[in-house]
Amino acid sequence: MDEKLKKSQLARLSRIEGQVRGVARMIEEDRYCIDVITQVRAVRAALDKVEQETLGDHLRHCVAHAFHAGSTRERQTKIDELLEVLDNRRR
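None of these values were measured; they are calculated from a predicted model.

Caption draft 1: Expanded view of the packing of helix H1 (residues 3–28) against helix H2 (residues 33–69). The contact between H1 and H2 brings their axes to 10 Å, and the two run at 165°. Between H1 and H2, the angle falls in the class roughly antiparallel. Considering only the axes of H1 and H2, their crossing is left-handed. Within the contact of H1 with H2, the residues separate by chemical class into 14 nonpolar, five polar and five charged.

Caption draft 2: Focus on the packing of H2 against helix H3 (residues 72–89). It is the contact of H2 with H3, at a shortest axis distance of 10 Å, that shows an interaxial angle of 165°. The orientation of H2 with respect to H3, classified from their angle, is roughly antiparallel. The handedness of the crossing between H2 and H3 is left-handed. On H3, the residues touching Asp48, Glu51, Leu55, His58, Leu59, Cys62, Val63, Ala66 and Phe67 of H2 are Glu74, Arg75, Lys78, Ile79, Glu81, Leu82, Leu86 and Arg89. In terms of residue class, the contact of H2 with H3 is made up of nine nonpolar, one polar and seven charged.

Caption draft 3: Region of interest: the environment of leucine 47. Within the secondary structure layout, leucine 47 lies in helix H2. With relative accessibility at 40%, the residue leucine 47 sits in the partly exposed group. Linking leucine 47 and glutamine 9, residues 38 residues apart in sequence, is a C-alpha distance of 9.9 Å. Contacts of leucine 47, omitting those with residues within four sequence positions, involve Leu13 and Ile16.

Caption draft 4: Region of interest: the pattern of salt bridges. Taken as a whole, this structure holds four salt bridges when the rule is applied. Close ionic contact of glutamate 53 with arginine 12 constitutes a salt bridge, the shortest N to O distance being 2.9 Å. A residue pair is termed long-range when its members are at least 10 positions apart, and glutamate 53 in helix H2 and arginine 12 in helix H1 qualify at 41 residues. Under the relative-accessibility criterion, arginine 12 is labelled buried at 17%. The salt bridge partner of glutamate 81 is lysine 78, with a shortest N-O separation of 3.8 Å. Separated by three residues within a single helix, glutamate 81 and lysine 78 lie in helix H3, roughly one turn from each other. Using a relative accessible area of 34% as the deciding quantity, one classes glutamate 81 as partly exposed. Three or more residues are tied together by salt bridges with common partners; here these are Arg12, Lys49 and Glu53.

Conventions we followed
- Residues numbered from 1 in each chain as written.
- Predicted model: local features only at pLDDT ≥ 70, side-chain atom pairs only at ≥ 80, totals over all residues.
- Heavy atoms only, no water.
- Axes fitted to C-alpha atoms, helices over the stretch in contact; angles between N-to-C directions.
- Helix = DSSP H or I, 4+ residues; strand = E, 2+ residues; numbered from the N terminus.
- Parallel < 35°, antiparallel > 145°, perpendicular 65-115°, else oblique.
- Left-handed = near helix turned anticlockwise from the far one by under 90°.
- Nonpolar A, V, L, I, M, F, W, Y, C, P; charged D, E, K, R; others polar.
- Contact = heavy atoms within 4.5 Å.
- Buried < 20%, exposed > 50% of the residue type's maximum accessible area, 1.4 Å probe, protein only.
- Salt bridge = Lys/Arg side-chain N within 4 Å of Asp/Glu carboxyl O.

As structure tokens, then:
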């Protein structure tokens, strides 16, 4: 993973960790359900952003390398991995 992206992702994940702790506190404090749900959705959106950026990095580096310098088997492996990830994402 690109070092700049890695640093950005780790910072984002630290913020997400804080958000999750905040949601736990909200539940402990019996906060209004819609407020909790709103925060859960914010956490999901933040995790989706991490996933999207990681997938983009994977495509730009790992997949591109497999298609330019890899064997037929490596290319097929990358295609299969991507299909599985995209299929699981829909669920």
